[in-house]
Amino acid sequence: MPPPTMMLPPSPGDSDPSGSRDMDDEDLVEDLLVTVNSARAFVEFRRTQRKECANLLRWLELVLPLLEELRDSAPPLTEDAYHRLALLGRAFSAARRLLRSCHDGSKIYLALESEAVQGRFRAVYEKMNSALDGMPYSELAISDEVKEQVELMNAQLTRCKKRADTQDIELSMDLMVILDNKEGERNADRAILERLAKKLELQTLADLRAETMAIKKLISERNGQSGDSTKQIIELLNKFKEVAGVDEKNVLGEVSVTKSLDKCPSLMIPNDFLCPITLAIMRDPVIVATGQTYERRSIQKWLDSGERTCPKTRQRLSHMSLAPNYALKNLILEWCDKNKVELQKREPEPVAEQDDEHQRGAEDIPSLVEGMSSIHLDVQRKAVKRIRMLSKECPENRTLIADSGGIPALIGLLACPDKKVQENTVTSLLNLSIDESNKRHITKGGALPLIIEILRNGSAEAQENSAATLFSLSMIDENKLTIGRLGGIAPLVELLQNGSVRGKKDAATAIFNLVLNQQNKARATQAGIVPALLKIIDDKALNMVDEALSIFLLLSSNAACCGEIGTTPFIEKLVRLIKDGTPKNKECALSVLLELGSKNKPLLVHALRFGLHEDLSKIAKNGTSRAQRKATSLIQLARKCY
């Protein structure tokens, strides 16, 4: 399903170029110029497609001199010249639609369907290349310089058509981990979500509101189709809103409306009357330190959760005072009275006891940090157990623990021989590592070799949380190489092979992150990752086939690993998954087979001996969008094998 696009006026390329001329020669050239210039008006693009959009814009710029010379000289166009220019118009129209999609379409959709969008770019290149091939330059009276420039550009387009996918594999894996997580988020999983939000630029309230509108438009244009994909998009949007503190889960309604507003749906509510957090009309607007206004109940809930930043601007609040915004409140009341809108009645506040224990815990953090350095084991045990609980509760506690010297104290406890102390210590560091600055303090404090040692010899829970901590810390690129050099991959492979279900999942996620580094691919292979992953694939109860195949896909891009991966028994496993696996299994297995088969044709020939042609044809017609593209590429590659 293509991304949402706006309706466009007809362009010269939208008609059948092989038929009669739809417009005069001068009008055709002028329309080509208008189409290109309107496409060039898009200058900001979604991060996931930014590089490809820049390339496309550069090629559109290079063809402009040709059109400008044609406009100035206005030669009579032969049938061949008119035909070529009309084809070029069709390509320009497709380019404009694509650039618009990447400019204001749903960021989540563009990430989930990045390969489909990449296919649209290749289709545009194909159309431009087809139009420019055989262009009768001698009949167009253009300069040699312009001709050479366009021919050079066309040669670049030819190479670009053959370029392999440049998928952001880290982004793809993060999306899979978050969408597959049905058990509720742990802190390590939340760290993945925060990384995704940062990469997709969906951290601020303004960005999330714009994304909400883009998704509403996408849902409208899909008209009930692609239900599973739409569900995933809404699920991700809601997770990003939760991370940003937006209390709104209904993507189909931008604001929470009362019954009286339901009766007059055409009524436009002034944007300033809506709380940026709940997107509902404010009853009791208050101003925070940054000057932004929120509904009192919503911002108080935000602050009570431990947040100390302004939800809208992300600036740190200099104080926590809330000043009533009487002027805005009066305007809201006047507007409601004029439009006969009854404000939603506030639900009574629940009667709850003051959480004195939580308050005391925060106040006790400095003494708890001191207790972790005690010479008495019993004092250490109690202190680190309490720190573990407090570090999980809220961001404010994590900041207080770090500011009170908690990170060096925890690192000092990692070498404690007591297994329970180790477990609580490494879990506390996992909780603290959610914050980016803490990741660096933990690494610089020398924690990595000690965490790896607990991964080797700690209790089962300590091993699981050590793996999750290594994953969290490996989000810093230089830590990927450091963890590999310190021998962290071998115990992760051991946990993947022999750990609990939770341990296997933590190990797989950490290994995937680490083998994004080229040197770690060889280390993982030497540590026995291949037989461990094969065991994971064979154990259907684990439901980790896709994770295993994603790691195989990363390893198969490394020449040193291909020899061990590219065996006929493994190819036969891929064939079985392509034939009988889930839609996601098929998609991942096809990706690995295509990667291996493009490097080693005999492996693909072996796969085809199992009657794979029919399965590839079916998937190319009815599979997921990514699976369709992989199956089509495999069919084309298979033709070259005979």
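Values in this document were obtained by computation on a predicted structure and should not be read as measured data. (Residues numbered from 1 in each chain as written. Predicted model: local features only at pLDDT ≥ 70, side-chain atom pairs only at ≥ 80, totals over all residues. Heavy atoms only, no water.)

Colleague: Give me the overall build of the protein chain: which residues, what numbers.
Modeller: Looking only at helices and strands, the protein chain has 34 helices and three strands in total. The buried share of the protein chain, reckoned over its 642 residues, is 51%. A separation threshold of at least 6 residues defines the contact pool for the protein chain, and within that pool the share at least 24 residues apart is 72%. For the protein chain, the accessible area works out to roughly 29700 Å², and carbon and sulfur atoms hold 51% of it. (Helix = DSSP H or I, 4+ residues; strand = E, 2+ residues; numbered from the N terminus. Buried < 20%, exposed > 50% of the residue type's maximum accessible area, 1.4 Å probe, protein only. Contact = heavy atoms within 4.5 Å. Areas by Shrake-Rupley, 256 points an atom, 1.4 Å probe, with all protein chains shown as cover.)

Colleague: Can you tell me about the packing of helix α2 (residues 50–73) against helix α3 (residues 79–104), naming the residues and giving the values?
Modeller: Their axes nearest at 12 Å, the elements α2 and α3 cross at an angle of 145 degrees. By crossing handedness, the relation of α2 to α3 is classed as left-handed. Of the residues in α3, those touching α2 at Cys53, Leu56, Leu57, Leu60, Val63, Leu67 and Leu70 are Leu85, Leu88, Phe92, Ala95, Leu99 and Cys102. The residue inventory of the contact of α2 with α3, partitioned by class, reads 13 nonpolar, no polar and no charged. (Axes fitted to C-alpha atoms, helices over the stretch in contact; angles between N-to-C directions. Left-handed = near helix turned anticlockwise from the far one by under 90°. Nonpolar A, V, L, I, M, F, W, Y, C, P; charged D, E, K, R; others polar.)

Colleague: Would you mind going over the confidence of the model for the protein chain in detail, with residue names and values included?
Modeller: Within the protein chain, residue pLDDT values average 82, and 85% of them lie at 70 or more. Within the protein chain, the element-level pLDDT minimum falls on helix α11 (residues 259–262), averaging 40, and the maximum on helix α21 (residues 447–457), averaging 96. Every residue in residues 1–19 scores below 50 in pLDDT, and together they form 53 contacts with partners more than four places removed in sequence or on other chains. Here residues 348–358 is modelled with pLDDT under 50, and outside its nearest four sequence neighbours on either side it reaches six contacts, counting other chains as well. (pLDDT = per-residue confidence, 0-100.)

Colleague: Account for the pattern of salt bridges, naming residues and giving values.
Modeller: By the definition in use, this model includes 20 salt bridges. Here Arg50 ties to Glu201 by a salt bridge, and the two come within 3.1 Å at their closest N and O atoms. Of the two residues, Arg50 sits in helix α2 while Glu201 sits in the loop between α8 (187–199) and α9 (205–222), which places them 151 residues apart along the sequence. Accessibility expressed as a relative area gives 33% for Arg50, which makes it partly exposed. With a shortest N-O distance of 3.4 Å, Arg502 and Asp506 are connected by a salt bridge. One end of the pair is Arg502 and the other is Asp506, both in helix α25 (residues 501–514) and four residues apart, which spans about a single turn. Three or more residues joined by partner-sharing salt bridges are found here, namely Arg388, Lys420, Glu423 and Glu461. (Salt bridge = Lys/Arg side-chain N within 4 Å of Asp/Glu carboxyl O.)

Colleague: Pulling in residues and values, what's your account of the packing of aromatic side chains?
Modeller: The geometry of two aromatic rings is summed up by the distance between their centres and the angle between their planes. What the rule picks out here adds up to four aromatic pairs. Arranged with centres 6.4 Å apart and planes meeting at 40 degrees, the rings of Phe121 and Tyr125 form a pair that is tilted. In this pair, Phe121 and Tyr125 are both assigned in helix α5 (residues 114–132), four residues apart and thus about one turn of the helix distant. Both residues of the pair, Phe121 and Tyr125, count as buried. Centroid distance Phe273 to Trp335: 5.9 Å. Interplanar angle 75 degrees. Geometry classified as edge-to-face. Placement of the pair is Phe273 in the loop between α11 and β1 (285–287) and Trp335 in helix α13 (residues 326–338), with a sequence separation of 62 residues. Residue class for Trp335 comes out buried when judged on its relative accessible area of 14%. The rings of Trp59, Phe121 and Tyr125 are connected pair by pair, giving a single aromatic cluster. (Phe/Tyr/Trp six-rings, centres within 6.5 Å; stacked < 30°, edge-to-face > 60°.)

Colleague: Describe the packing of α25 against helix α28 (residues 545–555), with residues and values.
Modeller: Interhelical geometry of α25 versus α28 gives an angle of 20 degrees and a closest axis separation of 10 Å. Here α28 runs roughly parallel to α25, going by the angle between their axes. The interaxial crossing formed by α25 with α28 has left-handed handedness. Facing Ala508, Ile511 and Phe512 of α25, the residues of α28 in contact are Ser550, Ile551 and Leu554. In terms of residue class, the contact of α25 with α28 is made up of five nonpolar, one polar and no charged. (Parallel < 35°, antiparallel > 145°, perpendicular 65-115°, else oblique.)

Colleague: Any chance you could break down the nonpolar core for me, citing the residues and the numbers?
Modeller: Ranked by size, the top nonpolar core spans 166 residues in total, and within it Met128, Phe240, Leu496 and Leu549 carry the most contacts. For this core, the leading source of residues is α3, giving 12 residues. If sequence neighbours within four positions are ignored, Leu549 has contacts with Ile537, Leu574, Leu577, Asn585, Cys588, Ala589 and Val592. Among the nonpolar cores identified, the runner-up in size contains 20 residues, and Cys275, Val288, Trp302 and Leu303 belong to it. (Core = buried A, V, L, I, M, F, W, Y, C linked by side-chain atoms within 4.5 Å.)

Colleague: Would you mind going over the environment of Leu634 in detail, with residue names and values included?
Modeller: As for its placement among the helices and strands, Leu634 is situated in helix α34 (residues 625–639). Considering only alpha carbons, one finds Leu634 and Leu593, 41 residues apart in sequence, at a separation of 8.3 Å.

Colleague: Account for a negative patch on the surface, naming residues and giving values.
Modeller: On the surface, a cluster of negative charge is contributed by Asp24, Glu26, Asp27 and Glu30. Counting through the fold element by element, Asp24 comes out in the segment before α1 (25–40). (Patch = residues over 30% accessible without salt bridge, like charges linked within 9 Å, V, L, I, M, F, W, Y side chains within 5 Å. Lys, Arg positive; Asp, Glu negative; His and termini not counted. Charge placed at Lys NZ, Arg CZ, Asp CG, Glu CD.)

Colleague: Now, about the environment of Leu612: what can you tell me, with residues and values included?
Modeller: With respect to the helices, strands and loops of the structure, Leu612 is situated in helix α33 (residues 612–622). Note: C-alpha distance between Leu612 and Val575 (37 residues apart in sequence) is 7.3 Å. Each residue touching Leu612, except ones within four places of it in the same chain, is listed here: Val575, Ile578, Leu593 and Ala607.

Colleague: Any details on α34? Residues and values, ideally.
Modeller: Between the first and last C-alpha of α34 there are 22 Å, a value that for 15 residues agrees with the 21 Å anticipated at 1.5 Å per step. Every buried residue belonging to α34 is among Arg626, Ala627, Arg629, Lys630, Ala631, Leu634, Leu637 and Ala638, and all of these are buried. (Expected span 1.5 Å × (residues − 1).)

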